[in-house]
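Coordinate inspection notes
Spelled out from the first residue to the last, the chains are:
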Amino acid sequence: MTTSATSPASDPRLDDIARSCVVLHIRMTARAVTRAYDEAMRPSGLKITQFVLLSALSTGHWRSITELAERFALERTSLTRNLQLLAAEGMVEPVAGRGRAAVYAVTEKGREAIAAAIPFWRAAQDKIETGFGEERWRETRDALKALRRAARGAR
């Protein structure tokens, strides 16, 4: 067995990664925020991911699953799986799209679920915005948009 003169635990680069890695901090924050919303929305029976997806679909602005996946930076397969789960619950249904493009529409049951969940979403949103600061959130939201643009440009 060979060991290096510098053990990984004492490698200063690892401390730098823990302090500055964009993806680490974004993912930790995303998980914490998702947990907070899921907890607040538990009485509605929807997870925040389901609520956001249903809300986006209810606008009717999407011509395909691919377009929706790209807009929300989701893997198409993950989005398809989530749509199938919502379809199995009767909250969305496939509808005819242009060409071979798959499109889903929110059903009456889905619209009722959205309406029932909005107060829980609003409570979570207000709690986080108040705790973080409304102006700070607006600045952070704009910074996150810029970060997404930078990440797309890095591909």
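The structure this text deals with has already been given above.
In what follows, the accompanying structure is described. Everything numeric in this text was worked out from a predicted model, so none of it was measured.

Another point: the side chain of Ser64. Locating Ser64 in the fold gives a position in the loop between α3 (48-58) and α4 (65-71). Those residues in contact with Ser64 that sit more than four places away from it in its chain are Ala101, Ala102 and Val103.

To continue, consider helix α5 (residues 76-88). With 13 residues, α5 should cover 18 Å at 1.5 Å per step; its first-to-last C-alpha distance of 18 Å lies within 8% of that length. Among all positions of α5, only Leu79, Leu83 and Leu86 are buried. One face of α5 carries all of its buried residues, which in axial projection span an arc of 60 degrees. Along α5, exposed side chains directed more than 90 degrees from the buried face belong to Thr77 and Ala88. Buried residues in α5 make contact with α3, α4, β1 (92-95) and β2 (103-106). Where α5 ends, the next residue or the one after it, Gly90, has phi of about 80 degrees, a positive value.

The rules behind the values
Residues numbered from 1 in each chain as written. Predicted model: local features only at pLDDT ≥ 70, side-chain atom pairs only at ≥ 80, totals over all residues. Heavy atoms only, no water. Helix = DSSP H or I, 4+ residues; strand = E, 2+ residues; numbered from the N terminus. Contact = heavy atoms within 4.5 Å. Expected span 1.5 Å × (residues − 1). Buried < 20%, exposed > 50% of the residue type's maximum accessible area, 1.4 Å probe, protein only. Arc of directions from axis to C-beta.

Remember that the coordinates give geometry; whether it matters functionally is a separate question.
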